[in-house]
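# Examination of the molecular architecture
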Amino acid sequence: QVRLMESGGGLVQPGGSLRLSCAASGSIFGINTMAWYRQTPEKRELVALLTETGSTNYGDFVMGRFTISRDNAKNTVYLQMNSLKPEDTAVYYCNADIQDELNGYYLGYWGQGTQVTVSS
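First things first, this report covers the structure right here in the doc. (Residues numbered from 1 in each chain as written. Predicted model: local features only at pLDDT ≥ 70, side-chain atom pairs only at ≥ 80, totals over all residues. Heavy atoms only, no water.)

Let us look at the sheet that holds strand E8 (residues 76–81). If you trace the 4 strands from one edge of the open sheet to the other, you get E1-E3-E8-E7, paired in antiparallel fashion. Edge positions in the open sheet fall to strand E1 (3–7) and strand E7 (66–71), since each of these has one partner strand only. Within this sheet the neighbouring strands show an average axis-to-axis angle of 15°, counted without direction. Relative to E8, E7 is paired through 6 bridges, and the arrangement is antiparallel. Residue pairing across strands places Thr67 opposite Gln80, the latter belonging to E8. (Pairing = 2+ DSSP bridges. Helix = DSSP H or I, 4+ residues; strand = E, 2+ residues; numbered from the N terminus. Axes fitted to C-alpha atoms, helices over the stretch in contact; angles between N-to-C directions.)

Below you can see the structure in the form of structure tokens.
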């Protein structure tokens, strides 16, 4: 069964940086889009999205501070976050569209989330 595992969250001071990772494993034939979302008590919103061809989309709040990237050989997507602000505090979730090598279907998968807390 396909599985996504996030890592890299934690506590950081305002202005600091974190690098999140999300690795996909299982019966994977291919991965199309990979993305990061974040959840606060108020909303769930797209942080960054990256296709297999390199197209990207970022939430309006990112404003150049974050960078999404992927390592196709490792089935892993990264989110480099710089200049972090308290309002970036949230649970960050990895999302990926993955083709199962057994049945050929693309399905959306979610990780369990990793907590990011920005506070002094």
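This part takes up the side chain of Glu45. Positionally, Glu45 belongs in strand E5 (residues 44–50). On the accessibility criterion, Glu45 (16% relative accessible area) is buried. Within polar-contact distance, the side chain of Glu45 engages the side chain of Lys43 at 3.4 Å. In contact with Glu45, not counting residues within four places along its chain, are Tyr37, Arg38 and Phe61. (Buried < 20%, exposed > 50% of the residue type's maximum accessible area, 1.4 Å probe, protein only. Polar contact = N/O pair within 3.5 Å; in protein donor to acceptor, adjacent residues only side chain to side chain. Contact = heavy atoms within 4.5 Å.)

Topologically, Met81 is positioned in strand E8. Distance in space between the C-alpha atoms of Met81 and Thr67 is 6.7 Å, their sequence separation being 14 residues. If sequence neighbours within four positions are ignored, Met81 has contacts with Gly16, Ser17, Leu18, Leu20, Arg65, Phe66, Tyr92 and Val116.

What follows concerns the pairing of strand E10 (residues 106–110). Here strand E9 (residues 90–100) runs beside E10; their pairing, made up of 5 bridges, is antiparallel. Residue Asn95 lies in a different strand from E10, and its bridge partner there is Trp110. Between E9 and E10, which pair antiparallel and follow one another directly, the connecting turn spans 5 residues, one of which, Gly104, has a positive phi of 80°.

Moving on, we get to the environment of Gly54. Looking at the element boundaries, Gly54 is found in the loop between E5 and strand E6 (56–58). Residue classification places Gly54 among the partly exposed residues on the basis of a relative accessible area of 46%. Once the C-alpha coordinates of Gly54 and Lys43 are considered, the two residues, 11 residues apart in sequence, prove to be 27 Å apart.

Treat this as a map of the structure, not an account of what it does.
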